[in-house]
Amino acid sequence: MSERKILVTSALPYANGQIHIGHLVEYIQTDVWVRFQKLRGNRCLYFCADDTHGAAITIAADKKKITPEEFIAAVSQDHQKDFADFGIEFDNYGSTNTPETFRFCDEIWKAIRKAGLVVEKEIEQYYDPEAKRFLADRYIRGTCPKCGKTDQYGDNCECGATYSATDLIDPKSAISGTTPELRKSKHLFVEVEKLHEFLADWVEHSGALQNEVANFLKGQFLCDPLYAWDVSRPAPYFGFEIPDSPGNYWYVWFDAPIGYIGSTLQWCQKHGENIEDWWKNPDVEIHHFIGKDICYFHTLFWPAMLKMAGFTLPRKVHIHGFLTVDGEKMSKSKGTFVLARTYLNHLDPAYLRYFFASKTSSHVDDLDLNLAEMEAKVNADLVGNIVNIASRTAKFANLTGLAEVYPDDGGLFAQAVAQSETIAEAFEQCDYGKALRSILECGFRANKYIEEMAPWTLRKQWAALDKDPQADPAAKDELFARLRDSVTVGLNLFRQIVVYLSPILPTLARQTEELLGSPITSWSDVEKPLVGSNVNEYKYMMTRVPKEGIEAMIEETKQLEEASRVQAGEEQVQADAAGVCDDQWKDSGQMLIDEPMSETITIDDFTKVDLRVGRIVQAEQVKEARKLLKLKISLGGGHTRQVFAGIKAAYPEPEKLVGRLVIFVANSQPRQMKFGLSEGMVVASGPGGPDVFLTFPDEGAKPGMRLH
Ligand SMILES: [Zn+2]
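These numbers come from a predicted model, not from an experiment.

Novice: An account of the overall build of the protein is needed here, citing residue identities and associated values.
Specialist: When helices and strands are tallied, the protein shows 21 helices and 26 strands. Whereas a compact globule of 708 residues would reach a radius of gyration of roughly 27 Å, the protein reaches 29 Å, a difference of no more than 12%. Counting over 708 residues, the protein shows a buried share of 54%. In the protein, the proportion of contacts linking residues at least 24 apart, taken out of those at least 6 apart, comes to 74%. In the form shown here, the protein has an accessible surface area of approximately 31800 Å², with 50% of it arising from carbon and sulfur atoms.

Novice: Tell me about the packing of helix H12 (residues 371–400) against helix H17 (residues 473–501), residues and numbers included.
Specialist: In contact at an axis separation of 8 Å, H12 and H17 are set at 140° when each is read in the N-to-C sense. As summarised for this structure, H12 and H17 are arranged oblique, according to the angle between their axes. Note that H12 runs across H17; the crossing there is left-handed. In this structure, H12 uses Ile 386, Val 387, Ile 389, Ala 390, Thr 393, Ala 394, Phe 396, Ala 397, Leu 399 and Thr 400 to contact H17, whose residues at the interface are Phe 480, Leu 483, Arg 484, Ser 486, Val 487, Gly 490, Leu 491, Phe 494, Ile 497 and Leu 501.

Novice: How would you sum up the coordination of the zinc ion? Please name residues and give values.
Specialist: Within the protein, the atoms that donate to the zinc ion are Cys 144 (SG), Cys 147 (SG), Cys 157 (SG) and Cys 159 (SG), at distances of 2.2 to 2.3 Å. Of note is the zinc ion, whose four donor atoms meet at the metal with angles of 100 to 115° in an arrangement that counts as tetrahedral. Sequence spacing of the donor residues for the zinc ion, all on one chain, is C-x2-C-x9-C-x1-C.

Novice: Account for the sheet that holds strand E24 (residues 681–682), with residues named and values stated.
Specialist: Taking strand neighbours across the sheet as the criterion, the five strands line up as E20-E19-E18-E21-E24 in an open arrangement whose pairing is antiparallel. This sheet does not close on itself; its edge strands, each paired only once, are strand E20 (640–645) and E24. Alignment of strand E18 (residues 611–621) against strand E21 (residues 661–665), held across five bridges, turns out to be antiparallel. Following the sheet pairing, Arg 612 is matched in E21 by Phe 664.

Novice: Go over the environment of Leu 217 with me, naming the residues and quoting the values.
Specialist: Mapping Leu 217 onto the fold places it in helix H6 (residues 211–222). For the pair Leu 217 and Ala 200, spaced 17 residues apart in sequence, the C-alpha separation works out to 8.8 Å. In this structure, Leu 217 is in contact with Val 203, Leu 209, Leu 222, Cys 295, Thr 299 and Leu 300, ignoring residues within four places of it in sequence.

What counts and what doesn't
- Residues numbered from 1 in each chain as written.
- Predicted model: local features only at pLDDT ≥ 70, side-chain atom pairs only at ≥ 80, totals over all residues.
- Heavy atoms only, no water.
- Helix = DSSP H or I, 4+ residues; strand = E, 2+ residues; numbered from the N terminus.
- Rg over C-alpha atoms; globule rule 2.2 N^0.38 Å.
- Buried < 20%, exposed > 50% of the residue type's maximum accessible area, 1.4 Å probe, protein only.
- Contact = heavy atoms within 4.5 Å.
- Areas by Shrake-Rupley, 256 points an atom, 1.4 Å probe, with all protein chains shown as cover.
- Axes fitted to C-alpha atoms, helices over the stretch in contact; angles between N-to-C directions.
- Parallel < 35°, antiparallel > 145°, perpendicular 65-115°, else oblique.
- Left-handed = near helix turned anticlockwise from the far one by under 90°.
- Donors = N, O, S within 2.8 Å, 3.2 Å for Na, K, Ca; no water.
- Tetrahedral: all angles 85-135°; square planar, octahedral: opposite > 155°, others 65-115°.
- Pairing = 2+ DSSP bridges.

Written out as structure tokens, the structure reads:
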């Protein structure tokens, strides 16, 4: 097989927050893949950078009374330290705020202009005359026009209502507290619709996307004309001023992915390579790893930009789901919103790398971190199975060294070699869970062998003979040889497993290299046993997961939350809460699309819809239907309704929905569907496909209650 040239990226973390364990799902997934490719002998480079632009950065820097440049420099240090301590190894870690990134923003922008895709539109937006800046919805607070609650955001209220900022009663700037005024400004839009045919073809035929993602894009976006993307922001804005539109800046989402190319250029400059060889070379495979929340940008807007400017399109966009902890969204108050640093203060990063890997598949599913499960899995798989092989054999190796010739092991070594391509294919497909199942089998076989050989007994018997001057020297030699053989087999089987595991557990690989005095440099290291060498003193490799470490981590997380509350008052807590979804700060998906609000309705119009609290009492997949789940909803008092809801992709395990409350439209006209009668609708949000979110009433609500 000839060497592949592979360029890999992870999404750029936003500079307005610290790395938390939710982020690490992606960086660990990517790092494992990159290490695997390097081990396979491919030329693989891994690039990332801090995403540094946008109003949120200026505001955060102002609060600390430092410049945005100082602010992002400090954050970048923290981010890089967290990544390094989790064993995530980039070939270059840059920043979007660099001349290198600017160069490609400019190049791509010129290409889009030249292709006639840029149009100017006037936008009316709130402006803070004191802070002298336009206000994104996040920075406007006011009274909810629906329920009258004060101090709500510019686009949504705690009551669940969404509205446009101009509907807010008594709006105030969250920055200065003054009343904002409506001002018109010019924004630049990219008319991506002109590339509709190209994008539809790319989504359908390139093979770059997981099936569920391609279907989602087809069903959600490509079936309609694509909205023009608003890619500029008026001054003041922390970012790059658009050269041919003075006073306007590229919106943070325009330059974020271009940071991949900027980071590559920094690496090229350090290594005397040519950027075109990496980004304008069809032989290079470009692989992006991203979360499902930013799928839209990377699968429609980004390919369009690359195409226009003559860059290589991604070979594959690997999209993963979100992290939940114990089945729920990460929560600060429950102590499950764990910062990377907090984790590192209490637990070995290898645990999380291993656990996340064991849960990683090639699909977009969410990944659940159940801490008790992590503990059990690491203790059983790593400590009890894998490391146990070394600890039970290496201590005798001081005495025996490794045999000159690899002994007869009943075919165990060959069996592990034979699994090589199956395991490699699973890694290639990001199906690390599958790879690990295969690797653990090798471990079980090795342990069984050691159990049978019982080197500890051989060692005792040999020692007894060694002390006995009357002992038969031949019998003594025979025992010694058996001990040496069992140690040689045990340690070689262990090393094979460690080679396979090394993309996931680089530290274990380094420890094994040290123990056996032999570097692990290639996947094919599994094929050739080590013989005739000495073995160094065995040092412990991994301990069981300390329960108190988990507890201390949760406790510290709760305290951090408490401290931020006390220290900075309510305002800071709200800022942090918004930081939960870092990407929201830069406005996610919907904000780029000028999706209009619906027409105003009267209260009477609203009350025509009979919304009820319902409880899901049955939920099952409709096998023949691509999108549907069949739900039985209880409305209390023995009333139930059957509903077919298009939420299959979002809730692949419908049984988990049973027992949960939903909001139910009780008076919609029943619909006869292919699979039966649908008697109502459940309320959900989100664009569709895997991104559908059922809306749950708060605790205490009872089935049958009416919403008003
Ligand atoms: Zn409200």
